[in-house]
Amino acid sequence: MMFLLSENTRKTLTAGLAACLLAPPVAAEEIWITNEKDDTISVIDVATLEVVRTIPTGERPRGITFSHDHKVVYICASDSDTVQVMDPATGEILFDLPSGEDPEQFVLHPDNRHLYIANEDDAITTVVDVVSRTVVAQIDVGIEPEGMAVSPDGRYAITTSETTNMAHWIDTETRELVANTLVDSRPRHAEFAAGGTQLWVSAEIGGTVSIFDVESKAELAKIDFAVKGVHPDRVQPVGFEFDGEEKTAFVALGPSNHVAVVNAETFEVEKYILVGRRVWHMAFNSDKSLLFTTNGVSGDVTVIDVAKREAIKTIKVGRFPWGAALRP
Amino acid sequence: MLLRLALALCLGTSAAVADVSVTIHYLRQEVEQPPVLSNLDPIPQDLGLKGAELGLADNATTGRFMGQTWALEVTEVPIGGDLAEAARAALATTDLIVLDAPADAALALADLPEAAGALIFNSTAPDDRLRGADCRANLLHTLPSNAMRTDALAQFLLSRRWDDLAMITGTHPDDIAFGDAMRASLAKFGMRLSSEKTWAFDADMRRNASQEVPLFTQDLKAHDVLLIADEIQDFGRYIAYNTWTPRPVAGSEGLVPVAWAPVVEQWGAAQLQSRFTDLAARPMQSRDYAAWAAVRAIGEAVTRTGAADTAILRAYLLGPDFELAGFKGRPLSFRDWNGQLRQPIPLVTQRALVAQAPLEGFLHQVNELDTLGRDAPESDCMAFGN
């Protein structure tokens, strides 16, 4: 259905289809995938592992995150220069947030109120109050800000800048930079770990994940990856997530088409799982038994059985799937 | 898996943070542009320079967090002007030079006594001899050599099994050099050049290409692809669709191997493109990219070493730890046997990226990027102590 029709017809049909599918408000768990080059979201039903809805968005949707109460979903519509706020039940855009230009990724503060947005083209991190719908701060960071993280206690927000090669530490009280930590080339993603005592940063071109001690901001360790039969240049860490107890990290390795399984205590790589082409980001289901990876080039999502550490299914989504988020 | 544990406690984060002030000089020798048949695509006056400016802005943004200050000085030497004198003046303030000049001028500059301890980045001259017999220890190259470009195209042709080729070469020295490189690449990858012709017409092809070119190409032997060596952009644009047999064109025209083009958008390139067009109000070209890469390479070396000393920077740039994120999907680094920046070569048309070399299947024992251009074992460059 989706391939031959014109854009408008398709959108109308999709909306119509979405409306009729929505009629019974089911509480099934879903994974929401942004399709960067289709301007849509593919909604995967976790029970059936099928795409059950396709929702139109603004242009070039990338970062996606739900509010902590899951009542709304925030979408970085990068080429529309806005963050869209959607009602996940209806797929309707409720309103747009001012976001600064070219928002790529963002993170919602534990206060459920402040979004920290990386403005890729402007070397700025924008802080938006989602209640008053206003920009409350803009912080100068390095070139091509991308990865965003917030510490579990809400004290720090992190922006990584891809061309400056730094993790910038933002004090969320003063909204000023308190530290700038040099990492390897092209840092893409950041996450706090070990109960908020560590910061992990992936470097795409550097081919590494660096681990920092939050208190001292000093580097604790650096993880290298080696996928058999793949040239090291093509092993490019991008998104990563931790399992429930933060004992294991799953690291997407981009064009090597593998996800690394890393022991988060010893920092040893324990396994490489073959997934789709140019794997970007990922999301778990609620009990973290399944992991869904977005594969940009192959236009699909790989489902990984977390316990078995095996890929169990590939789900076709839109063109260039990028972000992933759980709707429990 | 390798694990580097926390030496970093004392080193990692703070070592490189120190007040450093760096000046780069962009030195340009203006050259006579030969007349070409069409004036549809004028060469921008600031070609290259805008790339250096963008690189400097990128360095300065990083520098803000590192206690670094960055400056770019620019000298443009007019046609017939004294490049050596301008170079001496530039070298009096800095020994980091980005050079936009032809090969002979680059050699003359590199051989100045004042330049002995300098680091000169050639961002304009594609000549293979500068990376070979005529190499200099103080001369690095961020523009890909002709051989790198023609090897990239040859890999593509071979991967498509379009291995019967014909070629039309212009008469300008740049055309001849590109044609020579193309021939060497075809030989390297075991393909056949069945026939060749030289384009020496002086007719105005805008009016009669459709009459001239079919006849001109009629006696070429059977071929899969028609190669064009027309680096000065003279006649090549009038060949496609006017050939006697329906064959795609490639080389200087049609499918072109480049350092950079506006159609490159993967690997975050879209961001670099938009930063460049914001600055320059025109699309980014290969020489802009080469100048940008030169300035960014210096920036990366200063940031990682915390030093502005040229000898330290040179050692780091040529060493195993240097890598530059160049928006082409692989880390860029310098070949320690001739100072050439390793880089993927996009193969582009006006409208799209067709492929990016090195292509899959072209293997190398150390770095697949070294399947492009002269590799260490066959290098006749002696100035790098190998």
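Predicted model, so just to flag it, every value in this text is computed and none were measured. (Residues numbered from 1 in each chain as written. Chains lettered and ligands numbered in written order. Predicted model: local features only at pLDDT ≥ 70, side-chain atom pairs only at ≥ 80, totals over all residues. Heavy atoms only, no water.)

## Focus on the interface of chain A and chain B
Filter applied, for reference: Between two residues, a contact is recorded if the distance between any of their heavy atoms is within 4.5 Å. Buried area, as used here, totals the accessible surface that two parts lose on assembly, with accessibility defined by a 1.4 Å probe and the loss added over both. When a carboxyl oxygen of Asp or Glu lies within 4 Å of a side-chain nitrogen of Lys or Arg, that pair is called a salt bridge. Counted as a polar contact is a pair of N or O atoms within 3.5 Å, where, for protein atoms, one must be capable of donating a hydrogen and the other of accepting one, and residues adjacent in sequence contribute only when both atoms are in side chains. Put simply, DSSP marks the helices as runs of H or I at least four residues long and the strands as runs of E at least two long, and each gets a number from the N terminus on. Note that Gly is not counted as nonpolar here; it falls among the polar residues with everything else outside the nonpolar set of Ala, Val, Leu, Ile, Met, Phe, Trp, Tyr, Cys and Pro and the charged set of Asp, Glu, Lys and Arg.
Taken together, the contact between chain A and chain B spans 45 residues of the former and 40 residues of the latter. Where chain A abuts chain B, roughly 3400 Å² becomes buried across the two surfaces, and 53% of that area is made up of carbon and sulfur atoms. Contact with chain B buries surface across chain A, with Leu182, Ile205 and Asp233 of chain A losing the most and accounting together for 16% of the total. In this structure, the connection of chain A to chain B is made through two salt bridges. Between Arg330 of chain B and Asp233 of chain A there is a salt bridge, and its shortest N-O distance comes to 3.7 Å. If you look at where chain A meets chain B, you find nine residue pairs in polar contact (both at pLDDT 80 or more). Where the side of chain A that touches chain B is concerned, the elements lending two or more residues are strand 14 (166-171), strand 15 (176-182) and strand 19 (219-224) of chain A. Sorting elements by how many residues they give to the side of chain A that touches chain B places strand 19 of chain A first, with six residues. Here the side of chain A that touches chain B is composed, by residue class, of 15 nonpolar, 12 polar and 18 charged.

## Considering the sheet that holds strand 15 (residues 345-348) of chain B
Residues and elements named next belong to chain B. Cut-off, in case you're wondering: Pairing between strands requires that DSSP locate at least two bridges from one strand to the other. Inter-axis angles, ranging from 0 to 180 degrees, are taken between N-to-C directions of lines fitted to C-alpha atoms, where helices are fitted over the stretch in contact.
One open sheet accounts for three strands, arranged 11-15-16; its pairing is antiparallel. Bordering the open sheet on either side are strand 11 (256-257) and strand 16 (353-357), each of which pairs with just one other strand. The pairing of strand 11 with strand 15 spans two bridges and is classified as antiparallel. Counterpart to Pro257 in the pairing with strand 15 is Leu347. Where helix 4 (residues 146-159) meets the sheet, it contacts strand 11, strand 15 and strand 16, and its direction lies at approximately 60° from that of strand 15.

## Quick notes on the domain arrangement of chain B
Residue and element names in this part refer to chain B. Definition in use: Here the bounds of each domain stem from an automatic or database domain assignment.
Each assigned domain of chain B is listed here: domain 1 (16-144 + 261-344 + 362-378) and domain 2 (147-257). Placing a centre on the C-alpha atoms of domain 1 and another on those of domain 2 gives a separation of 29 Å. In this assembly, 18 residues from domain 1 lie in contact with 22 residues from domain 2. Note on domain 1 versus domain 2: buried area summed over both sides is about 1600 Å², and carbon and sulfur give 59% of it. For domain 1, the biggest contributors to the area lost against domain 2 are Leu37, Phe362 and Leu372; these three give 40% of the whole. At the boundary of domain 1 and domain 2, one finds one salt bridge.

## Points about helix 9 (residues 310-318) of chain B
Worth spelling out the cut-off: Throughout this description, buried means an accessible area under 20% of the type-specific maximum (1.4 Å probe, protein chains only), exposed means over 50%, and partly exposed covers the range between.
When helix 9 of chain B is considered as a whole, its buried residues turn out to be Thr310, Leu313, Tyr316, Leu317 and Leu318 of chain B. The inward-facing, buried residues of helix 9 of chain B contact strand 4 (96-100), strand 5 (119-122), strand 6 (139-141), helix 8 (286-305) and strand 13 (331-334) of chain B.

## Describing the nonpolar core
Residues and elements named next belong to chain B. Cut-off, in case you're wondering: Note on terminology: a nonpolar core comprises buried Ala, Val, Leu, Ile, Met, Phe, Trp, Tyr and Cys residues joined through side-chain atoms within 4.5 Å.
The biggest cluster of nonpolar side chains holds 45 residues, and the ones touching the most others in it are Ile24, Phe121, Leu317 and Phe334. Only strand 2 (20-29), helix 1 (49-64), strand 4, strand 5, helix 7 (269-280), helix 8, helix 9 and strand 13 provide two or more residues apiece to this core. A per-element tally of this core places helix 8 first, with 10 residues. Not counting the four nearest positions on each side in its chain, Ile24 is found in contact with Leu56, Trp70, Ala71, Leu72, Glu73, Thr94, Leu96, Val98, Val295 and Ile298.

## A few points about the pattern of salt bridges
Counting across every chain of the model gives 45 salt bridges over all chains. Residue Glu120 of chain A pairs with Arg62 of chain A through a salt bridge whose shortest N-O separation is 3.1 Å. Here Arg62 of chain A lies in strand 4 (residues 61-66) and Glu120 of chain A lies in the loop between strand 9 (114-119) and strand 10 (124-129), a separation of 58 residues in the sequence. In terms of burial, Glu120 of chain A and Arg62 of chain A fall into one category: buried. With a shortest N-O distance of 2.7 Å, Asp151 of chain B and Lys188 of chain B are connected by a salt bridge. Here the residue Asp151 of chain B occupies a position in helix 4, and Lys188 of chain B occupies one in helix 5 (residues 173-188), the gap between them amounting to 37 residues. According to the relative accessible area criterion, Asp151 of chain B is buried, its value standing at 3%.

## Things to note about the sheet that holds strand 2 of chain B
Strand pairing in a sheet relies on backbone hydrogen bonds. The paired strands run either parallel or antiparallel. All names here are of chain B. Pairing within the open sheet is parallel, and its five strands lie in the order 3-2-4-5-6. The sheet is open, and its two borders are formed by strand 3 (68-77) and strand 6, each paired with just one other strand. Taking each pair of neighbouring strands and ignoring which way they run, the sheet shows an average axis angle of 25°. Direction of pairing for strand 4 relative to strand 5: parallel, over a ladder of four bridges. Residue Leu96 lies in a different strand from strand 5, and its bridge partner there is Leu119.

## Quick look at the packing of aromatic side chains
Short version of the rule: Ring geometry is summarised as follows: Phe, Tyr and Trp rings, the Trp one being its six-membered ring, pair when their centres sit within 6.5 Å, and such pairs are stacked at plane angles under 30 degrees, edge-to-face over 60 and tilted between the two. For a lysine, the NZ atom is tested; for an arginine, the CZ atom; a charge sits over a ring if that atom is within 6 Å of the ring centre and within 35 degrees of the ring normal.
The full count for this structure, using the stated rule, is 18 aromatic pairs over all chains. A network of ring pairs unites the aromatic residues Trp200, Phe240, Phe242 and Phe267 of chain A as a single cluster. Over the ring of Trp169 of chain A we find Lys217 of chain A, and its NZ or CZ is 4.8 Å from the ring centre. Residue placement shows Lys197 of chain B over the ring face of Phe216 of chain B; its charged tip is 4.1 Å from the ring centre.

## With respect to the packing of helix 1 of chain B against helix 8 of chain B
All names here are of chain B. Rule in force here: An angle below 35 degrees is read as roughly parallel, one above 145 as roughly antiparallel, one from 65 to 115 as roughly perpendicular, and any other as oblique. The handedness criterion is simple: a crossing whose near helix is rotated anticlockwise from the far helix by less than a right angle is left-handed, and one whose near helix is rotated clockwise is right-handed.
As a packed pair, helix 1 and helix 8 sit with axes 6 Å apart at the nearest point and diverge in direction by 25°. Taken as axis vectors, helix 1 and helix 8 run roughly parallel relative to one another. Between helix 1 and helix 8 lies a crossing whose hand is right-handed. Along its contact with helix 1, which presents Lys50, Gly51, Ala52, Leu54, Gly55, Leu56, Asp58, Asn59 and Thr62, the element helix 8 presents Asp288, Ala291, Trp292, Val295, Arg296, Gly299 and Thr303. Residue classes in the contact of helix 1 with helix 8 are distributed as six nonpolar, six polar and four charged.

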